[in-house]
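Descriptive structure summary
Chain residues, written in single-letter form:
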Amino acid sequence: MPSPAPAPESLPPVRVLLVEDDELMRRSFTVALERYGYRVTAAADGLTGLESFRDDDGFDLLILDVMLPGLDGIGLCRRVRETSLVPVLMMSARGDGLDVVAGLEAGADDYVVKPVDTYVLVARIRSLLRRAAYAPAPGGEPAAGREDVLTFGDLTIDTGGMEVCLSGSPVALTPTELKLLLEFAAHPGIVLERHTLLRNVWEYGWDGDSRVVDLAVQRLRKKLGRERIETVRGFGYKLRR
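Since this is a predicted model, take the numbers as computed values, not measurements. (Residues numbered from 1 in each chain as written. Predicted model: local features only at pLDDT ≥ 70, side-chain atom pairs only at ≥ 80, totals over all residues. Heavy atoms only, no water.)

Focus on the overall build of the protein chain
Rules: Only DSSP runs of H or I covering at least 4 residues are called helices, and only runs of E covering at least 2 are called strands; the numbering of each starts at the N terminus. Note on classification: 1.4 Å probe, protein chains only; a residue is buried when its accessible area is under 20% of the maximum for its type, exposed when over 50%, partly exposed between these limits. Contacts: residue pairs with any heavy atoms within 4.5 Å of one another. To measure how exposed things are, a 1.4 Å probe is used in the Shrake-Rupley method; for residues, cover is taken only from the protein chains shown.
Across its full length, the protein chain carries 8 helices and 12 strands. Out of the 241 residues belonging to the protein chain, those deemed buried represent 47%. Long-range pairs, those at least 24 residues apart, make up 61% of the contacts in the protein chain with a sequence separation of at least 6. Carbon and sulfur atoms make up 53% of the accessible area of the protein chain, which amounts to about 11,800 Å² in all.

Listed below in structure tokens is the structure:
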């Protein structure tokens, strides 16, 4: 297999916080990611991971194992989401469906099942980082009358400044939530199937787990109002005009 391309010298390395209690896996993931040019900080338990995260606000991505001593990955994700919209990738042992759902409900953007191939892990990381480019800029309100500002009742979406406001107040969305909302806003009133959203938002080139869609929609509804995104049973979801 070809060696991974080094990160461009003109760009700072992507900083990853990896929290994994299995020492062999932690070392293996660290070495593999560093070969791809990522700068990895590793922690062996949830409390240490939380301390590392709070001591350093420069991480671009978090990779959290679900089963961690002290503070598990789900609890850690919840604590992170109290203050940050940083992309979070959960790792779950095979067959732990309830853990996957709990992680996504806690605010994780995506998940992988262990054991995971390095190329799959890196693909999910790259997808998350591309979504992070949609992160809303802090502060301000969208300017009225601009063509790049979409309005749906009391919801405004500034597609240029990547800002979302509800009744004039800014709404904090994770990169995944924002990209999902933009996908809906580009097709108002049109039903989008789950596999279409998996392909366009999560960049799955194969059949992915539709639970990531359902739970991301659930989180959007909590922030924007349940009536905003309609479920069309047997098909998917649509943004009401």
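Focus: the pairing of strand 5 (residues 110-114)
Definition in use: When DSSP locates at least two bridges between a pair of strands, those strands are taken to pair.
Of all 5 residues in strand 5, 4 are buried; the element is thus mostly enclosed. When strand 4 (residues 88-93) meets strand 5, the two strands line up parallel, connected through 5 bridges. Its bridge partner lying in strand 5, Met91 is registered against Val112.

A word on the packing of aromatic side chains
The cut-off we apply is this: Centre distance within 6.5 Å is the pairing criterion for rings of Phe, Tyr and Trp, where only the six-membered ring of Trp is used; planes under 30 degrees apart are then read as stacked, over 60 as edge-to-face, and the remainder as tilted. To sit over a ring, a charge needs its Lys NZ or Arg CZ within 6 Å of the ring centre and within 35 degrees of the ring normal.
In total, this model carries 1 aromatic pair according to the counting rule given. Measuring from ring centre to ring centre gives 6.3 Å for Tyr36 and Tyr119, while their planes differ by 85°; the resulting arrangement is edge-to-face. With Tyr36 in the loop between helix 1 (23-35) and strand 2 (39-43) and Tyr119 in helix 5 (residues 118-132), this pair connects stretches of sequence that are 83 residues apart. Positioned above the aromatic ring of Phe59, the side-chain terminus of Arg15 is 4.8 Å from the ring centre. The ring of Tyr204 carries Arg124 above its face, with NZ or CZ at 3.9 Å from the centroid.

Section: unusual backbone geometry
The omega torsion across Lys114 and Pro115 is -5°, close enough to zero to call that bond cis. Its identity is not glycine, yet Met162 carries a phi of approximately 55°, on the positive side. According to the relative accessible area criterion, Met162 is buried, its value standing at 18%. The residue Glu203 is not glycine, and still its phi comes out positive at about 60°. If you trace the backbone, Glu203 turns up in the loop between helix 7 (194-200) and helix 8 (211-224). Take Glu203: its relative accessible area is 23%, and that puts it in the partly exposed class.

Remarks on the pairing of strand 7 (residues 155-158)
If a strand is regular, its side chains alternate between the two faces of the sheet. By the alternation rule, side chains of strand 7 split into Leu155 and Ile157 and Thr156 and Asp158, which are all buried. With 4 bridges joining them, strand 6 (residues 149-152) and strand 7 adopt antiparallel strand pairing. Across the sheet, the residue bridging to Phe152 is Leu155, located in strand 7. With antiparallel pairing between neighbouring strands as the criterion, strand 6 and strand 7 make up a hairpin whose turn holds 2 residues, including Gly153 at a positive phi of roughly 65°. Pairing of strand 7 with strand 8 (residues 163-166) involves 4 bridges; the strand directions are antiparallel. Within strand 8, the position partnered with Ile157 by the bridge is Val164. Counting the residues between successive antiparallel strands, the hairpin from strand 7 to strand 8 contains 4 residues, one of them, Met162, with a positive phi of roughly 55°.

Description of helix 6 (residues 175-185)
Counting buried positions along helix 6 gives 11 out of 11 residues, so the element sits mostly inside the fold. Of the residues making up helix 6, those classed as buried are Pro175, Thr176, Glu177, Leu178, Lys179, Leu180, Leu181, Leu182, Glu183, Phe184 and Ala185.

Thoughts on helix 4 (residues 97-105)
Each turn of an α-helix holds 3.6 residues, which means side chains three or four residues apart point in the same direction. Within helix 4 the residues assigned to the buried category are Val100, Ala102, Gly103 and Leu104. On its buried side, helix 4 packs onto helix 3 (73-81), strand 4, strand 5 and helix 8.

Let's talk about the side chain of Glu177
Test applied: By the criterion applied in these results, polar contacts are pairs of N or O atoms within 3.5 Å in which, for protein atoms, one can donate a hydrogen and the other can accept it, and in which residues neighboring in sequence qualify only through two side-chain atoms.
Here Glu177 lies in helix 6. There is a polar contact of 3.0 Å between the side chain of Glu177 and the backbone nitrogen of Thr174.

A few points about the packing of helix 5 against helix 6
Our working definition: Lines fitted to C-alpha atoms define the axes here, with helix axes fitted over just the stretch in contact, and angles between the N-to-C directions of these axes take values from 0 to 180 degrees. In this scheme, roughly parallel covers angles under 35 degrees and roughly antiparallel covers those over 145, while 65 to 115 is roughly perpendicular and the rest are oblique. It is the rotation of the near helix from the far one that decides the hand of a crossing: anticlockwise by less than a right angle makes it left-handed, clockwise makes it right-handed.
Where helix 5 contacts helix 6, the axes come no closer than 8 Å and their chain directions differ by 70°. As summarised for this structure, helix 5 and helix 6 are arranged roughly perpendicular, according to the angle between their axes. Crossing hand, helix 5 versus helix 6: left-handed. In contact with Leu128, Arg131 and Ala132 of helix 5, helix 6 contributes Pro175, Thr176 and Lys179.

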